[in-house]
Amino acid sequence: MNSPTRAGGTPAGSRSASTGAGRASLRIGLAGLRAHKRRFAGTFVAVFLGVAFLAGTMVMGDTLRASFGKLFADANSGTDTVVRGADEVTASGPGPGPGQGTREPVPTGLVDAIRKVPGVAAVAPVIEGAGELVKADGKSLDTRGPTVAGNWIDEPGLNPYKLVEGHAPKAPGEIVVNRDAARRGGLEIGDRTLLRTPDPVHVTVVGVATFGNEDGEGQTTYAGMTRADAERYLMPKPGEATTIKVRAGPGISQQQLTERVAKVLPAHYEAITGTQASDETQESTSGAFLDIFTTLLTVFAGIALLVATFSIHNTFAIVVAQRTRENALLRALGATRRQVLGSTMAEAAAVAVLATAAGLLGGIGIAAGLQALFPAVGFPFPKGALQIHVLALAVPLAVGLLVCLGSAASPAVRAGRTAPVAALRESATDTSGGSRRRAAIGLCTAVAGVAMTVGGAAAGPNLPLTALGAVLTLAAFVVLGPVASSVAVRVLGAPVGRLRGVTGSLARRNALRSPKRTAATATALMIGVAVVSVFTVLGASMKATLNQTVDRSFAGDVAISAQVYGAGGAGLSPQLATTVAELPEVQDSVGLGVGVAEVDGAGRRLTVTDPAALSRLLDLGKVQGSLAHLGTTQIAVAKDEADKRGLAAGSRVPLTFADGTRVDFTVGAVYDQAGLAGNYLISRAAWEPHRVQDKDTLVAIDFRDGVSTAQGKAAVTEAVTAFGSPDVQTKSEYATSSAAGIDTFLTLIYALLALAVLIALLGIANTLTLAVHERTRELGLLRAVGQTRGQLRAMVRWESVVVAAFGTAGGLGLGTFLGWALVKATDGSGTGAFAVPPLPLAVVLLVGVAAGMLAGWRPARRAARLDILRAIATE
Amino acid sequence: MSGLTARHTGPGPAAGAEDGTAARVVDAAKVYGTGDAAVRALDGVTVGFPAGRFTAIMGPSGSGKSTLMHCAAGLDSLSSGSAWIGGTELGTLGDRQLTLLRRERIGFVFQAFNLVPTLTVAENVTLPLDLAGRRPDAEWIDALIDVVGLRDRLRHRPSELSGGQQQRVAVARALAGRPEVVFADEPTGNLDSRSGGEVLALLGRAVHDMGRTVVMVTHDPVAAAHADEVVFLADGRLVDMMTAPTAGRVLDRMKAFDTKAFDGRPAGGGGTSS
Ligand SMILES: Nc1ncnc2c1ncn2[C@@H]1O[C@H](COP(=O)(O)OP(=O)(O)OP(=O)(O)O)[C@@H](O)[C@H]1O
Ligand SMILES: [Mg+2]
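Residues numbered from 1 in each chain as written. Chains lettered and ligands numbered in written order. Predicted model: local features only at pLDDT ≥ 70, side-chain atom pairs only at ≥ 80, totals over all residues. Heavy atoms only, no water.

## Examining the overall build of chain A
Moving on, step 1. Along its length, chain A carries 25 helices and 26 strands.
Moving on, step 2. Looking at chain A as a whole, 52% of its 875 residues qualify as buried.
Moving on, step 3. For chain A, the proportion of contacts with a sequence separation of at least 24, taken over those separated by at least 6, is 82%.
Moving on, step 4. Summed over its atoms, the accessible surface of chain A is roughly 37,200 Å², and 60% of this surface lies on carbon and sulfur atoms. (Helix = DSSP H or I, 4+ residues; strand = E, 2+ residues; numbered from the N terminus. Buried < 20%, exposed > 50% of the residue type's maximum accessible area, 1.4 Å probe, protein only. Contact = heavy atoms within 4.5 Å. Areas by Shrake-Rupley, 256 points an atom, 1.4 Å probe, with all protein chains shown as cover.)

Right, here's the structure in full:
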């Protein structure tokens, strides 16, 4: 390629020679790629899927964020200033009820003062609360988002809703609903129905509205009523509103108006600009959700790409091994190490560029498809142009190239190291794998990883330590793979050999041929299956914990519970428990409501209830002190929480409420089991002055002796029809329905993991295809001496099954272990349950093995199509 | 060892077609490619391989020896003409039937890469039987192992054997199922003269002690001299035959191919042996 140059040639000459050499590697690399397109099909698909998933997630996230932003900005465009209570109490931790930002209502009397501020064009009090619409059929409208009720605002520009049909509410009981809610609830103008606030209110639909130009504010259902109704049903007392909205006259900026309005406000109230308010609404309504959603998707794209990395690395390693002779010949003919390395990298780069570019296009396609799909499956996400930001292209591009080139790097270096004499030797497969050094390193890592994981999970619990241990354990599995694969394949393959005779034992031995390759192939699947198992174990443990809590804690006969998942639901009417209590079948009935307050400066959820009745219907364990007379001066605290805060019966606890008042309570009782009761109990009388809109989340009911569950349940069901017919559940039904959200979540996770598993299976198929290619001559020989096509196909398929079984079994083991660690490490109170669900895990194993059979399908078919003579004659 | 002859069962020398050939091709032509690029690898060959005899096929490189053998053994199909194993015409068989026929009635020895690397010597020997799900005749296999002299190597992998040992295993495998015909394509091509001699002696014993039929392609006149007869191919045609060959006579005949261009079609169509 370079003409003979004299020794000591000019620098320029040597530079041109080296670029010429570089071009040669590129040419050789590309020729290799062209000649073996099929070998890289798997790599291409793996990178493509991973990049497409990532790019799709990012584009979709940006698009949704932009659409929601526009939606809220448009809807609030008329509002320049918002007045609200300055104090906010946010309860941390999971649980039902008003978690985020509970504020004190604003007195509507301020409206007049604000109207007098120069530059104010319009003012309106805004009342907002929870209101669940009951459908035409008497059942609550099942919502996927918040259920909002409020006063219909007539001031133009201050109402984000636009009347499109009918008229605004004028008389008591008249409401306007948003179009999406009307459609889903089967409600039309003139229809009478119930609005649960959560007390049932008889209403008549008199108008239909849109939010901006959309049928609804995302998933939210809206019911607008007269201001008098809203004050009566949604506010603790008349003369109060949630916020006050102000619009500026011409020439006044939001900032100016807000500053002027702020001056006339008494203490404890604040004014913010309309922009800030709409940003905050967006953040709390959709932003937080979108962040979680896109983060989740990104994590799973990451898992898919990790799995892809293993598959791609394996492909390159095999291709380089198969090309040993060719590379050695190049080296013998004078190619430098760098040139051989360069030609391999050139091949990788070409695949990377093509696959990543295709992946980006695919990602945009996915985002566009999903955008079109959401409305079709009933998610009224706002419309908006597809947002393709630079970052959403640059990140997947960089990740795709990095994954591809990074995976090819070590095989390329190995290619460069090929000794020229290898051209003359018979090329032998690399049977190494179980080297001592590898075993030693792997074992040390495994011991350290497992010790840290177990240590972090059991003693402490210490989540960071467990996480570090988990990563080390995973690394150990990867390192030990080749060592373990010989043993594992021998064990797992034994039944195959026994069942399928010589075909089976040939399959098993083929899987044993190159432990490193088998391990790398299986590792990809192992990671996917491990993540699936972690979530399966986690989900089962969460369900078991819920069951256990209900089982231990619930001492009644039936329960009525508010919707536990989704942001929606107005909860249960506090009157429900008292109505039910009057039934002759019912012995006892108690409602549990939710309140928030700051205890020593930290936001906490309070259970608002009748503590004496509660202690008869929930098992609170041992109680120190008395629950019977908490009254308005005492609260009760669960033992764990009391210990943490250094409280005991008789201690003083100051509570600060959202209205800014601070009240000193005494701990009247300490109970052992928090369970369904929660950490703090407060009487309804004590809560009353600080309430905004009361609701119960659970009503527990106990029947009189001699009343059968069926009888009692029928009576209660009949009695609650006036409340929108919430489900009356037995103890086990209640436990199951509490866990329903977990199943939904698991389904979503499985769907997301399917991609990673698919990539892993493509990896198996690809490795097999390469192996079949490599063994062409041997396969021809087998066919010549009498192996039928069917037997050959079975042999390849069973090899695939054995490798898949190895990966699946490893993944199940690793996943179950890490699932256990995660359950323990996140269980601070030590009351959580750990469950290994045998059936789902057996299904995972079965699916893994079956998928292995599927992955072997194409390679097996290709192998069986081999022409015997060609195979024998193959060089 | 001598018991091998007495004990053998199954299709023996008498099991061939009425004319006493274990395998034959009639008017066989094989064309590779089409149009200008077409190559007539076989051009009207008729030849029968008599049962219970050791036949060698010779000829210059590219003369069609391998092609003839592949077609006669059912590894490849003819463009025209017919190929027979005993009384079965191969052209009428589908892939599966051909596979079963190969597994039950034919044995193969190739020049190299005869053995499956993942299987031990013993497993390689019984491979065709295992594939057929047939129970190997333990005594027969045992005797075979002794004949090929590999008793102490049964648990070894092919990669642990020398080239000659590998070929001996291949011969044992070819005979394990007591096939009617054993086809061997340059079985000694990669071996030195001593190992080659051992392999040829084995093939000879298969014919003379065990009553098998062996057809062998070779380049080596010394190897051909182990055969009972030699057929010569040139340019895809049968050009000569020789009974009771010696290395010298074969060498002389081969030299004739090099020195003078071949003309005409001698013995065309009449290439049956007596
Ligand atoms: N698959 C094929 N496609 C095209 N031509 C072929 C093919 N196989 C063989 N040939 C041609 O057919 C002719 C006969 O080939 P064959 O392999 O039978 O020769 P041979 O006598 O075995 O030679 P050698 O002694 O070199 O092995 C040759 O000219 C060869 O080039
Ligand atoms: Mg040949």
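## Re the overall build of chain B
Moving on, step 1. Within chain B, the secondary structure is distributed over 9 helices and 10 strands.
Moving on, step 2. Of all 274 residues assigned to chain B, the portion counted as buried reaches 53%.
Moving on, step 3. Long-range contacts, defined as pairs at least 24 residues apart, comprise 69% of the intrachain contacts of chain B with a sequence gap of at least 6.
Moving on, step 4. Only carbon and sulfur atoms are counted for the fraction: they give 50% of the accessible area of chain B, which is about 11,200 Å².

## Some words on the domain arrangement of chain A
Accessible area lost upon the coming together of the parts is a frequently used measure of interface size.
Residues and elements named next belong to chain A.
Moving on, step 1. By the assigned domains, chain A splits into domain 1 (21-78 + 274-425), domain 2 (79-273), domain 3 (483-555 + 739-875) and domain 4 (563-725).
Moving on, step 2. Taken residue by residue, the interface counts 25 residues in domain 1 and 29 residues in domain 3.
Moving on, step 3. Inspection of the region where domain 1 meets domain 3 yields 3 residue pairs in polar contact (both at pLDDT 80 or more).
Moving on, step 4. Secondary-structure elements contributing two or more residues to the side of domain 1 that touches domain 3 are helix H2 (41-75) and helix H7 (274-322).
Moving on, step 5. Its residues assigned to classes, the side of domain 1 that touches domain 3 comprises 15 nonpolar, 7 polar and 3 charged. (Domains from an automatic or database assignment. Polar contact = N/O pair within 3.5 Å; in protein donor to acceptor, adjacent residues only side chain to side chain. Nonpolar A, V, L, I, M, F, W, Y, C, P; charged D, E, K, R; others polar.)

## With respect to the pairing of strand E21 (residues 634-638) of chain A
Residue and element names in this part refer to chain A.
Moving on, step 1. Most of E21 is tucked away: 4 of the 5 residues are buried.
Moving on, step 2. Pairing between E21 and strand E23 (residues 662-671): 5 bridges, direction parallel. Counted as the bridge partner of Ala636 is Ala669 from E23.
Moving on, step 3. Across 2 bridges, the pairing between E21 and strand E24 (residues 680-683) is antiparallel. When the bridges of E24 are listed, Val637 appears paired with Tyr680. (Pairing = 2+ DSSP bridges.)

## Examining the sheet that holds strand E5 (residues 120-126) of chain A
Residues and elements named next belong to chain A.
Moving on, step 1. Read across the sheet, 4 strands follow the order E5-E15-E1-E16 without closing on themselves; strand pairing throughout is antiparallel. Each end of this open sheet is capped by a strand with a single partner; those strands are E5 and strand E16 (269-273). For this sheet, the mean angle separating the axes of adjacent strands, direction not counted, is 20°.
Moving on, step 2. Bridge analysis of strand E1 (residues 81-85) against strand E15 (residues 243-248) gives 3 bridges, and the strand direction is antiparallel. Counted as the bridge partner of Thr81 is Val246 from E15.
Moving on, step 3. Where helix H6 (residues 254-263) meets the sheet, its contacts fall on E1, E5, E15 and E16, and the angle it forms with E16 comes to roughly 170°. (Axes fitted to C-alpha atoms, helices over the stretch in contact; angles between N-to-C directions.)

## A word on the pattern of salt bridges
Side chains bearing opposite charge may pair, as long as their charged atoms lie close to each other.
All names here are of chain A.
Moving on, step 1. Evaluated as defined, the whole model comprises 34 salt bridges over all chains.
Moving on, step 2. The closest approach of N and O atoms between Glu641 and Arg604, which form a salt bridge, is 3.1 Å. Linking Glu641 in helix H16 (residues 639-645) with Arg604 in strand E19 (residues 602-609), this pair joins segments that are 37 residues apart in sequence.
Moving on, step 3. Of the residues examined, Glu641 reaches a relative accessible area of 5% and is grouped as buried. (Salt bridge = Lys/Arg side-chain N within 4 Å of Asp/Glu carboxyl O.)

## Here's the deal with the site of ligand 1
Residues and elements named next belong to chain B.
Moving on, step 1. Near ligand 1 lie 13 residues; those nearest to it are Ser61, Gly62, Lys65, Ser66 and Thr67.
Moving on, step 2. In this structure, an oxygen atom belonging to ligand 1 sits 2.7 Å away from a side-chain N or O atom of Ser66.
Moving on, step 3. The separation between an oxygen atom of ligand 1 and a polar side-chain atom of His219 is 3.0 Å.
Moving on, step 4. The element best represented in the shell around ligand 1 is helix H2 (residues 65-72), accounting for 3 residues.
Moving on, step 5. A breakdown of the residues in the shell around ligand 1 according to their chemical character gives 4 nonpolar, 7 polar and 2 charged. (Near = heavy atom within 4 Å.)

## Topic: the packing of aromatic side chains
Moving on, step 1. In total, this model carries 10 aromatic pairs over all chains according to the counting rule given.
Moving on, step 2. A centroid spacing of 6.0 Å and a plane angle of 45° characterise the contact between Phe554(A) and Tyr734(A), whose relative ring orientation is tilted. With a gap of 180 residues between them, Phe554(A) in the loop between helix H13 (515-553) and strand E17 (558-561) and Tyr734(A) in helix H19 (residues 731-738) connect regions that are remote in the sequence. Here the two residues Phe554(A) and Tyr734(A) agree in accessibility, since each one is buried.
Moving on, step 3. Counting every residue linked through ring pairs, the aromatic cluster contains Tyr161(A), Phe211(A) and Tyr222(A).
Moving on, step 4. Above the ring of Trp140(B), the side-chain terminus of Arg178(B) is found at 4.5 Å from the ring centroid.
Moving on, step 5. A cation sits over an aromatic face here: Arg253(B) above Phe232(B), 5.6 Å from the ring centre. (Phe/Tyr/Trp six-rings, centres within 6.5 Å; stacked < 30°, edge-to-face > 60°. Lys NZ or Arg CZ within 6 Å of the ring centre and 35° of its normal.)

## What about the environment of Asp228(B)?
Residues and elements named next belong to chain B.
Moving on, step 1. Tracing the backbone shows Asp228 in the loop between helix H8 (221-224) and strand E9 (229-234).
Moving on, step 2. Separated by 32 residues in the primary sequence, Asp228 and Gly196 place their C-alpha atoms 17 Å from one another.
Moving on, step 3. If near-sequence neighbours (up to four positions away) are discounted, Asp228 is found in contact with Gly52, Arg53, Phe54, Val207, His208, Met242, Thr243, Ala244 and Pro245.

## What to know about the side chain of Gln729(A)
Residues and elements named next belong to chain A.
Moving on, step 1. Structurally, Gln729 is set in strand E26 (residues 728-730).
Moving on, step 2. On the basis of relative accessible area, Gln729 is assigned to the buried category, the value being 9%.
Moving on, step 3. Within polar-contact distance, the side chain of Gln729 engages the side chain of Ser737 at 3.0 Å.
Moving on, step 4. Non-local contacts of Gln729, meaning those with residues more than four positions away in its chain, are made with Val558, Ala559, Ser561, Tyr734 and Ser737.

## Here we look at the pairing of strand E11 (residues 192-196) of chain A
Residues and elements named next belong to chain A.
Moving on, step 1. Buried residues dominate E11, accounting for 4 of its 5 residues.
Moving on, step 2. Pairing between strand E7 (residues 132-133) and E11: 2 bridges, direction antiparallel. Bridge pairing in E11 links Glu132 to Arg196.
Moving on, step 3. Judged from the 5 bridges that link them, E11 and strand E12 (residues 200-211) form a sheet pairing that is antiparallel. Bridging across to E12, Leu194 finds its partner in His202.
Moving on, step 4. Hairpin connection of E11 to E12: 3 residues between the antiparallel strands.

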